[in-house]
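Coordinate inspection notes
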Amino acid sequence: MEELLALIREERREPLTPEVRVRDFLREIQGRNGEEVEVEGFLLLRQPPNAPRDAVYYLLSPLSPEELKKSRLRAYLVLRIDEASAIEDSVYSGAYVRVRGILDAYPYGNLRLLRVIELKETPYENRWLRYEGYTLSRGELESLISSTVYANYETERAIIYSLLSAPTVIGAGNWGEGVTFSAFKGERERSVLSLWEALKYLHSLLPEELKLRRDRWAEFDDDFLGLDFRFARPRAKLAYYVPHTRTMLKRPRPVPKWVEEHFREKSAGFLSPRLVMKPEDETATLGEAPLVITEDVAYERNQELEELMPNVVATVMVARRRVGVLNLGEMEDYRYRFEAFLMRNRNEYGELFDALTLSGKVFNVGLRYRLGARLLGAMGRFEGKLGRGLISDLLGLYQEITDTWINELPDREKLRLLREYERYIGNSRVAEIGVRIFEDLEATSIDGTVRREEFLKALIEAGFRREHAGETLEKLLREGYLYEPFPGKLKLVRW
């Protein structure tokens, strides 16, 4: 019987509606008077009707103020705060808080009252973690996105990974969890615009608390209580942004000025297509998967997705908790296979690929290696765990992206890149190969240095005879390409 019920639930996932939250909240506060309980909800700094004057009285709601506007079922808990109540941090109207106190009856009406012992702001994400039973399976999430946005496999997956965000990667810079979903114009401008429209639709379905916006304040009138509320949206650790006008897609950073800090620090998720295709575009160099869109993307309103968007958010929050931190230093298999990926593309595309890996370009080795580690973590969140097979999926995606960039770049851009590369590398073919190999090793090292033995081994694996490998190393040191800050450790000289 239990198996049959599980199959029925799988067939039609129950939506995580505001009514579900209200019923759960009411069950939590239906204890007997005098019981100590702990509840969470949104603090509304407004006195309830007929509040006594012996203390400060506020309201707690299981629904966000934005949800209160839409929900048919509402519930409030009256909070009684006196000199014995401990209030931690600064709280504000609309904050998501945890309250511990003693249940009692409110003297007026059928509201319940909580004599507050302790009140403190708690992470907004906790609100969703309580509903792990409503999370979607990998197949359900994939099906919802693919039945809403009609694009190629890589684009659909990149959208899912961007929603799941990237875990913190130790050794990969001081970035937050936000992913930059970057997509660039191929032959037709309409292709990118169609993707932008699809992303705007997805963004519109997210809870207001998860949309990155400048104005956090809003208002709400409750006709039943006869009260109006002014509130701020909670401080979510991760919010999402989509450019709001078409002209934003032509900017070097498709975000307004007040968002730029979030963009650089990846403290928000950016679904930011671009109408230009430049290898040094900041959106390209910061994007975990810098796609080039060559076909139109279609989308349609999906009633099932609209109903299940709260379930999608709960899925994202649970996945973020499950795969929270990665250590770049422990990912030796990823490093080895990433270097093989670079060597394979250099053999196929030659100097043009090398030009794309220079500092400030879309495939800059060090940056792409760290961004790839973050994308690997987002893939792990989608799969539910990290596995070795995900590295193959990641490098397969990067191979598709590499092929498209090289094939879609205009010829004049390719010539410009090659001229830049020739000025950078000089005329020595031996120096060119040696520096190229060294850059790969340096980019994937933790402290930015490369051991002598490691570099010599890489030269030999690249086809140098043993005696020539030693000569090449000394030549690079002598001619100023490399220097030795510590005995046995090498670094590249940057001009």
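Quick caveat, the model's predicted, so the values are computed rather than measured. (Residues numbered from 1 in each chain as written. Predicted model: local features only at pLDDT ≥ 70, side-chain atom pairs only at ≥ 80, totals over all residues. Heavy atoms only, no water.)

Focus on the overall build of the protein chain
The condition is simple: Counting from the N terminus, the helices are DSSP H or I runs at least four residues long and the strands are E runs at least two residues long. Summary of the burial criterion: residues with accessible area below 20% of their type's maximum are buried, those above 50% are exposed, and those between are partly exposed, where the area comes from a 1.4 Å probe applied to protein chains only. By definition, residues are in contact when any of their heavy atoms lie within 4.5 Å. All accessible-area figures derive from a Shrake-Rupley calculation using a 1.4 Å probe, and residue coverage is judged against the displayed protein chains alone. Under the counting rule used here, the positive set is Lys and Arg, the negative set is Asp and Glu, and His together with the chain ends is not counted. Here the site of a charge means NZ on Lys, CZ on Arg, CG on Asp, or CD on Glu.
Within the protein chain one finds 18 helices and 19 strands. By principal-axis analysis of the C-alpha atoms, the protein chain measures approximately 90 × 55 × 50 Å. When burial is assessed residue by residue, the protein chain has 54% of its 495 residues classed as buried. In the protein chain, 72% of the contacts between residues at least 6 apart in sequence involve partners at least 24 apart. Summing over all exposed atoms, the protein chain offers an accessible surface of approximately 23,000 Å²; the carbon and sulfur share of this is 48%. Distance between charge centroids for the protein chain: 3 Å, based on 76 positive and 82 negative side chains.

Quick look at the sheet that holds strand S19 (residues 489–492)
Condition: Each pair of strands is called paired provided DSSP finds at least two bridges between the two strands.
Taken in spatial order, the three strands of this open sheet run S17-S19-S18, and their pairing is antiparallel. Every other strand in the sheet has two partners, leaving strand S17 (450–451) and strand S18 (482–486) as the edge strands with one partner each. Sheet topology places S17 next to S19; two bridges connect them, and they run antiparallel. Paired with arginine 451 across the bridge in S19 is lysine 489.

Notes on the environment of proline 410
Structurally, the position occupied by proline 410 is in the loop between helix H14 (389–408) and helix H15 (411–425). On the basis of relative accessibility, which here comes to 27%, the residue proline 410 falls in the partly exposed class. Put simply, proline 410 and lysine 278 are 132 residues apart on the chain and 9.9 Å apart in space, counted from C-alpha to C-alpha.

Remarks on the nonpolar core
Our working rule: To define a nonpolar core, start from buried Ala, Val, Leu, Ile, Met, Phe, Trp, Tyr and Cys residues and group those joined through side-chain atoms within 4.5 Å.
One finds Ile159, Phe181 and Trp405 to be the most contacted residues of the largest nonpolar core, which totals 108 residues. Isoleucine 159 has contacts with Ile145, Val149, Phe181, Leu195, Leu199 and Leu202, leaving out every residue within four places of it along the chain. Among the nonpolar cores identified, the runner-up in size contains 38 residues, and Val37, Ala51, Ala55 and Leu119 belong to it.

Structural notes on the environment of arginine 412
Residue position: arginine 412 is located in helix H15. Given the relative accessible area of 64%, arginine 412 is considered exposed. Residues arginine 412 and leucine 352 lie 60 residues apart in sequence; the distance between their C-alpha atoms is 12 Å.

Re the sheet that holds strand S13 (residues 269–274)
Working definition: the strands of a sheet are paired by backbone hydrogen bonds and lie parallel or antiparallel to each other. The sheet built from four strands is open, its strands ordered S12-S13-S9-S14 with parallel pairing. Of all strands in the sheet, those bounded by a partner on one side alone are strand S12 (240–241) and strand S14 (291–293). One ladder, built from five bridges, connects strand S9 (residues 180–185) with S13; its direction is parallel. Of the residues in S13, the one forming a bridge with phenylalanine 184 is arginine 274.

Some details on the pairing of S9
Taken residue by residue, a regular strand's side chains alternate between the two faces of the sheet. Most of S9 sits inside the fold, with five of its six residues counted as buried. Where S9 meets S14, three bridges bridge the pair, whose relative direction is parallel. Following the sheet pairing, alanine 183 is matched in S14 by leucine 291.

As for helix H5 (residues 138–146)
Spacing of three or four residues puts side chains on the same side of an α-helix, whose turn is 3.6 residues. Definition in use: Regarding the arc, it is the one traced by the directions from the helix axis to the C-beta atoms.
Of all the residues in H5, the buried ones are Glu140, Leu141, Leu144 and Ile145. Here the buried residues of H5 occupy an arc of 130° about the axis, which is enough to place them on one side.

Some words on the pairing of strand S6 (residues 112–121)
Here strand S3 (residues 77–81) pairs with S6 via four bridges, running parallel. The residue of S6 that forms the bridge with leucine 77 is arginine 112. With three bridges joining them, strand S4 (residues 86–88) and S6 adopt parallel strand pairing. Counted as the bridge partner of glutamate 88 is lysine 120 from S6. Here strand S5 (residues 96–105) pairs with S6 via nine bridges, running antiparallel. Bridging across to S6, aspartate 104 finds its partner in leucine 113.

Re the pattern of salt bridges
Note on pairing: side chains with opposite charge can pair once their charged atoms come close. Rules: Salt-bridge detection follows one rule: a side-chain nitrogen of Lys or Arg within 4 Å of a carboxyl oxygen of Asp or Glu.
A full pass over the atoms with the stated rule returns 47 salt bridges. Arginine 13 is the salt-bridge partner of glutamate 140, the closest N and O atoms lying 2.8 Å from each other. One end of the pair, glutamate 140, is in helix H5; the other, arginine 13, is in the loop between helix H1 (2–11) and helix H2 (18–28), with 127 residues separating them in the sequence. Here glutamate 140 and arginine 13 have matching classes, each one buried. A single network of salt bridges, built from pairs that share partners, joins Lys278, Glu280, Lys361, Glu413, Arg416 and Glu420.

Any link to function would need more than the numbers given here.
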